Amino acid sequence: MQQTTQPNQAVKSENQMETMKPAEQEQPNKIKDTQQVIAYLAERFPACFSVKGEAKPLKIGIFQDLAQALDEDDKVSRTSLRAALRKYTSSWRYLESVKVGSSRVNLQGEADSTIEAEHAEHAQKQLLESKQRVAERRKQQKANNPNANKKPFQKRKFSSKKEQSNTSKGKVVRQAQDKPKPKVQPISGPLTVGMSLHVSLGNSPVKCTLREINGDDVVVETMTGMTIKTEKKNLV
């Protein structure tokens, strides 16, 4: 069963969350760098966030808890907080922590809920796609600068026919991964709060739940607990 949050006090209007107080705009000491914001969160909530080592899966709807806890804080704006939370939950070490049976934690580090198979599979898919993108960028950089770190060519010697066969299979797998992904089409039909759908982020759609509808804009919540404001045309 997919775990969802109730659209009540725990879910505030995205427009309200985006509203910045005049005093907040004038304060120059606010932290804007996302990595520095993550470090600040790890300092304020060490039982929940960390900057290295193993990460802990976060409670679904953790942004609302953070926004409330830091409401009077003069160091972090909600815009910077959202960007830092998005980076944190997209990191490899965080995605690796989302495993079946593991507990999500609140700001105090207390167990909130248990991760189900669907959530774990989604996180592992994101992790695999992220690593593939990094590998592809490195491959492209190497293609653009073929002489960088170039080593003298050495012909590989195969110890057996089996090793040659395994190498050939590896080439076939890489060729299959290099094929372009099919284009996704925007979702058609009426939208209702609470429905499950996908939002187009980067190269692949991400499964999420529709939380708010504001004209042409919508607010969705991913399975990792991240809240995103986007346009209807990005829903697939």
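Residues numbered from 1 in each chain as written. Predicted model: local features only at pLDDT ≥ 70, side-chain atom pairs only at ≥ 80, totals over all residues. Heavy atoms only, no water.

**Section: the packing of aromatic side chains**
Now for step 1: Taken as a whole and assessed by the stated rule, the structure comprises 2 aromatic pairs.
Now for step 2: A centroid spacing of 5.2 Å and a plane angle of 65° characterise the contact between phenylalanine 49 and tyrosine 88, whose relative ring orientation is edge-to-face. One end of the pair, phenylalanine 49, is in the loop between α3 (34-44) and α4 (62-69); the other, tyrosine 88, is in helix α5 (residues 78-90), and 39 residues separate them in sequence.
Now for step 3: Since its relative accessible area comes to 3%, phenylalanine 49 is described here as buried.
Now for step 4: Residue tyrosine 88 is classed as buried on the basis of its relative accessible area, which comes to 3%.
Now for step 5: Consider the rings of tyrosine 88 and tyrosine 94, whose centres lie 5.8 Å apart with planes at 55°: the pair is tilted.
Now for step 6: Ring pairs connect the aromatic residues Phe49, Tyr88 and Tyr94, which therefore count as one cluster.
Now for step 7: Sitting over the face of the ring of tryptophan 92, lysine 131 holds its NZ or CZ atom 5.4 Å from the ring centroid. (Phe/Tyr/Trp six-rings, centres within 6.5 Å; stacked < 30°, edge-to-face > 60°. Helix = DSSP H or I, 4+ residues; strand = E, 2+ residues; numbered from the N terminus. Buried < 20%, exposed > 50% of the residue type's maximum accessible area, 1.4 Å probe, protein only. Lys NZ or Arg CZ within 6 Å of the ring centre and 35° of its normal.)

**Here we look at α3**
Now for step 1: The set of residues buried in α3 consists of Val37, Ile38, Tyr40, Leu41 and Ala42.
Now for step 2: Its buried side turned inward, α3 meets α4 and α5.
Now for step 3: Put simply, aspartate 33 is the residue that caps the front of α3, since its side-chain oxygen is 3.2 Å from the backbone nitrogen of glutamine 35. (Contact = heavy atoms within 4.5 Å. Polar contact = N/O pair within 3.5 Å; in protein donor to acceptor, adjacent residues only side chain to side chain.)

**What about the nonpolar core?**
Now for step 1: Within the largest apolar cluster, 30 residues are counted, with the highest numbers of intra-cluster contacts made by Leu41, Phe45, Phe49, Leu58 and Leu66.
Now for step 2: For this core, the secondary structure elements donating two or more residues are α3, α4, α5, α6 (92-97) and α7 (117-144).
Now for step 3: Looking at this core element by element, the count peaks at 5 residues for α3.
Now for step 4: Beyond its immediate sequence surroundings of up to four residues, leucine 41 is in contact with Pro46, Phe49, Leu66, Leu70 and Leu81. (Core = buried A, V, L, I, M, F, W, Y, C linked by side-chain atoms within 4.5 Å.)

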